[in-house]
Amino acid sequence: MFKSKQPAMYKFLFISLISALALNLTAQNIPSVEIKTMSGKTFNTADLTNNGKPIVISFWATWCKPCVKELSAIHENYIDWQEETGVKVIAISTDDSRSMSRVAPYVNSKGWDFEVYCDPNGEFKRAMNVANVPHTFLLDGNGKIVWQHTSYIDGDEEELFEKIKEIK
Amino acid sequence: MANYIVKSNLRPFIFLTHSLKIMRKIVYSLALVSIAFSSLFSQEEDEKKGHFSGNFQIDAQTYMEDTITGADKAPEIMLMNSYANLRYTYGKLTAGLRFESYLNTLQGISNAYDGTGIPYKFFNYKSDELEFTVGNFYEQFGSGMSLRAYEDKTLGIDNAFEGVLVRHNPHKGIYLKGLVGKQRLFFDLGPGIVRGADAEIQLNEAFKLDSVETQITLGGSFVSRYQADRNPILKLPENVAIMATRLSVQRGGFSIVSEYGYKINDPSADNLNNYQPGQAIMSDISFTKGTFGMVVGGKWLNNMSFRSSRSAQNNDLMLNYLPAISKNHIYSLPAMYPYATQLNGEAGIKAEIFYRLKPKTLLGGKYGTLITLNYSRVQTIDTTNLPMLDSIRPHWNRYETSFLSIGDERLYEDISIDIQKKLSKRVKSFFSLQYSAYNRQYIEGKDGMIEAFIFVGDMTFSLKPKHALRAELQFLSTKQDYGDWVTAALEYTVSPHWFVALVDQYNFGNSDSDKQLHYYMVRTGYTKGANRIQIGYGRQRQGVICIGGVCRMVPASTGFNISISSTF
């Protein structure tokens, strides 16, 4: 039946598509993909949670200068942000097996206290439709993506914080 | 897949009608999938509803003739690479596809991509313990020593599989994977059929050793490639296997990750039909405590290139991934002489130390200072050539070597120190000094050993809220190749939307005074949320771009460029 080439069939399918969309389309949730914790354990991204508070997911890499700048800027304000909004920042390293071993010592020497995971073959990156790093997502308390941003220039963290505050 | 490909040399109106047909096909397939999902899973509607998401990117450039740099005009004047991903998720099901268009392919990326098509499409079901994908997929076993299918659009790499992938999680801490497929080769598939299996066990989770601080993970993989033997002279193995075993131990700030791999005889274009088996070992040990961190690593490999076709070259049909041990340098001049893994044999070591001097100390200053020291060195392995025994049927090991042997020839060495320091509330700084040695003679067969000393200085000034100026200065000094270079860059940014940048690379030390050229570039861009547009004009010097130790050559070019990207 699906192989039918008749225009009427297509029209029917098209209308069905639109109605299916109207019925089903909702904001995006975190897809379920396996990533690695810093201790090498497998972790499912669907389990990323902050008990009903906002979450920031930032895709980065140790070799990506603007990514590191962005996370450093967030780090400088993190305590205040947490106090004010309860936000949790999750940093997803896209370093592959060449530089994955650098991630833990690098994060530690930077003093970052984010939750950090590794996505060495870009599976989570692909599921979130990230084309380039840095790419930052803001999720509300229900785990829905409410805002996202690509690239980083100095001061961008203020816009992010404004968006976090809007969630409340 | 083949019927979606539109060859670029067809007349434009044919392309248009074909595009419309493709678009219609996409819409109708998605309609089908969507309806199927809604009817099948309507009972789950309340908790998990379907949604579309995706992204889009276009990179286009004009190529003008530049008699000064020797850059060529492209016959098409403008070239373009672009793609769009579309995903539909409904509960446990996901379907997706990627439309790609190279009309024609940007210089520096193989023009075998020329054309338009849908080379990536899949259907995936994922529950807690079982997942399967039919269609195209990416996968990596361990560090990638035995298998890695991945994409890197900057390098023009996409060796995705087309076939079937199953992942099974039978017990907490136990992960099994199996796949069968062929690999993507531009808009076609490679000849080899690949069968792979991988098992990983996280001991603490599997045996409920929650109280044990030491975390241990063991893994093993087996990958086999079938390719028919049609060689009239040689008797080539039709089934070639690679196997690897890995270990990861972590306790507090200490961690060790190690993998050993063995490949059965695989005569190929890469190893000049060497019948010898291949071997590789790779280990990284890291330690971190307080603001101190370090990584030391070692690697040894012999004859470990593995592709899904014996005759594949360049970056085509790579089946495993053996990353370079050297550091991936970020700035342009430090990355001028990058190193890529020598798949036929190399022995390397690396060490990197990170240390943050605490704020409010004598050396740390008011805000603290991060110091990074890096060293890496790669040698050849020690080999003894063997004579050919039978010239009629030349099946022979071309040389012999012993495991972990080190040869006399230095292939690459670099040492660098980076200092990152915030000087005041408004000024951030970065400085780096580096020495690099690159054995171009051995690797590319010309120019001898290139030794370079490099300096980088980068300062960012916050001028007023949301306005920043970044100034960058780089020097590279070498007696070989094109001689000395200086790069100066200025970038003015207005958060959250705008940037303007000026870059000039000046080859002031070129021994030929006619070639002491300026490679200038002007760029500006606008970002709003996940949408971004960037335009630029200028000259690009001939060079090498490397990511993960895989490289591509970029020819000299002059012209306008534009990039647009969006995630939705």
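We now turn to the structure provided with this report. (Residues numbered from 1 in each chain as written. Chains lettered and ligands numbered in written order. Predicted model: local features only at pLDDT ≥ 70, side-chain atom pairs only at ≥ 80, totals over all residues. Heavy atoms only, no water.)

Quick look at the overall build of chain A
Okay, step 1: If you tally the helices and strands in chain A, you get five helices and seven strands.
Okay, step 2: The burial tally for chain A puts 61% of its 168 residues in the buried class.
Okay, step 3: Long-range contacts, defined as pairs at least 24 residues apart, comprise 69% of the intrachain contacts of chain A with a sequence gap of at least 6.
Okay, step 4: Roughly 6,800 Å² of accessible area belongs to chain A as shown, and the carbon and sulfur atoms make up 55% of that amount. (Helix = DSSP H or I, 4+ residues; strand = E, 2+ residues; numbered from the N terminus. Buried < 20%, exposed > 50% of the residue type's maximum accessible area, 1.4 Å probe, protein only. Contact = heavy atoms within 4.5 Å. Areas by Shrake-Rupley, 256 points an atom, 1.4 Å probe, with all protein chains shown as cover.)

With respect to the side chain of B:N374
Okay, step 1: Residue placement: B:N374 occurs in strand β20 (residues 369–379).
Okay, step 2: In contact with B:N374, other than residues within four places in its own chain, are B:K327, B:H329, B:A351, B:E352, B:D414, B:I415 and B:S416.

Thoughts on the interface of chain A and chain B
Okay, step 1: On the chain B side, the residues contacting the 61 residues of chain A number 89 residues.
Okay, step 2: For B:R148, the salt bridge identified is with A:D96, shortest N-O distance 3.5 Å.
Okay, step 3: Between chain A and chain B we count 33 residue pairs in polar contact (both at pLDDT 80 or more) in total.
Okay, step 4: Counting residues per element, the ones that place at least two in the side of chain A that touches chain B are α1 (7–24), β1 (34–37), β2 (42–44), α2 (65–85), α3 (100–110), α4 (123–127), β7 (145–150) and α5 (156–167) of chain A.
Okay, step 5: Of all the elements, α1(A) adds the most residues to the side of chain A that touches chain B, at nine residues.
Okay, step 6: Split into classes, the residues belonging to the side of chain A that touches chain B amount to 21 nonpolar, 24 polar and 16 charged. (Salt bridge = Lys/Arg side-chain N within 4 Å of Asp/Glu carboxyl O. Polar contact = N/O pair within 3.5 Å; in protein donor to acceptor, adjacent residues only side chain to side chain. Nonpolar A, V, L, I, M, F, W, Y, C, P; charged D, E, K, R; others polar.)

A word on the state of the cysteines
As used in these notes, a disulfide is a covalent bond between sulfur atoms, one from each of two cysteines.
Residues and elements named next belong to chain A.
Okay, step 1: Enumeration according to the criterion identifies one disulfide over all chains in this entry.
Okay, step 2: At a sulfur-sulfur separation of 2.0 Å, the disulfide partner of C64 is C67. Here C64 and C67 share a disulfide; its torsion about the S-S bond, 80°, makes the bridge right-handed. Taken as a pair, C64 and C67 share a single burial class, namely buried. (Disulfide = S-S within 2.5 Å.)

Here's the deal with the pattern of salt bridges
Okay, step 1: A complete count under the given rule lists 41 salt bridges over all chains for this structure.
Okay, step 2: A salt bridge links B:E100 to B:R98, with the nearest nitrogen and oxygen atoms 2.7 Å apart. In terms of burial, B:E100 and B:R98 fall into one category: buried.
Okay, step 3: Overlapping salt bridges bring together A:R126, B:R98, B:E100, B:E151, B:K153, B:D158 and B:R184 as one network.

A short note on the pairing of strand β10 (residues 161–171) of chain B
Residue and element names in this part refer to chain B.
Okay, step 1: Pairing geometry for strand β5 (residues 130–137) and β10, over eight bridges, is antiparallel. Looking at the pairing, F132 lines up with V166 of β10.
Okay, step 2: Strand direction decides the pairing type here: β10 and strand β11 (residues 174–185), joined by nine bridges, are antiparallel. By the bridge assignment, E162 is partnered in β11 with K182.
Okay, step 3: The loop that links β10 with its antiparallel partner β11 comprises two residues; one of these, G173, has a positive phi angle of about 90°. (Pairing = 2+ DSSP bridges.)

Considerations on the packing of α2(A) against α5(A)
Residue and element names in this part refer to chain A.
Okay, step 1: For the pair α2 and α5, interaxial distance at closest approach is 11 Å and the crossing angle is 15°. Judged by the inter-axis angle, α2 sits roughly parallel to α5. At the point where α2 passes α5, the crossing takes the right-handed sense. Contacts between α2 and α5 involve A73, I74, N77, W81, E84 and T85 on the former and, on the latter, E157, L160, F161, I164 and K165.
Okay, step 2: Its residues assigned to classes, the contact of α2 with α5 comprises six nonpolar, two polar and three charged. (Axes fitted to C-alpha atoms, helices over the stretch in contact; angles between N-to-C directions. Parallel < 35°, antiparallel > 145°, perpendicular 65-115°, else oblique. Left-handed = near helix turned anticlockwise from the far one by under 90°.)

Things to note about the sheet that holds strand β4 (residues 88–93) of chain A
Sheets are built from strands paired through backbone hydrogen bonds, the pairs being either parallel or antiparallel.
All names here are of chain A.
Okay, step 1: On the basis of which strands lie adjacent, the open sheet formed by seven strands has the order β2-β1-β5-β4-β3-β6-β7 and mixed pairing. Unpaired on one side and paired on the other, β2 and β7 mark the two borders of the sheet. Taking the axes of each pair of neighbouring strands and ignoring which way they run, one obtains an average angle of 30° across the sheet.
Okay, step 2: Bridging between strand β3 (residues 55–60) and strand β6 (residues 135–139) involves five bridges; their strand directions are antiparallel. Note on β6: the bridge partner recorded for S58 is T136.

A word on the packing of aromatic side chains
Okay, step 1: By the definition in use, this model includes 30 aromatic pairs over all chains.
Okay, step 2: For the ring pair B:Y435 and B:F453, a centre distance of 5.3 Å and an interplane angle of 50° mean the geometry is tilted. A residue pair is termed long-range when its members are at least 10 positions apart, and B:Y435 in strand β24 (residues 427–439) and B:F453 in strand β25 (residues 449–464) qualify at 18 residues.
Okay, step 3: A residue is classified by how much of its surface remains accessible, and B:Y435, at 15% relative accessible area, is buried.
Okay, step 4: With relative accessibility at 52%, the residue B:F453 sits in the exposed group.
Okay, step 5: One aromatic cluster is present, built from ring pairs that chain together A:W60, A:Y78, A:Y106, A:W112, A:F114 and B:F354.
Okay, step 6: A cation over a ring is seen here: B:R98 above B:Y120, with NZ or CZ 4.3 Å from the ring centre. (Phe/Tyr/Trp six-rings, centres within 6.5 Å; stacked < 30°, edge-to-face > 60°. Lys NZ or Arg CZ within 6 Å of the ring centre and 35° of its normal.)

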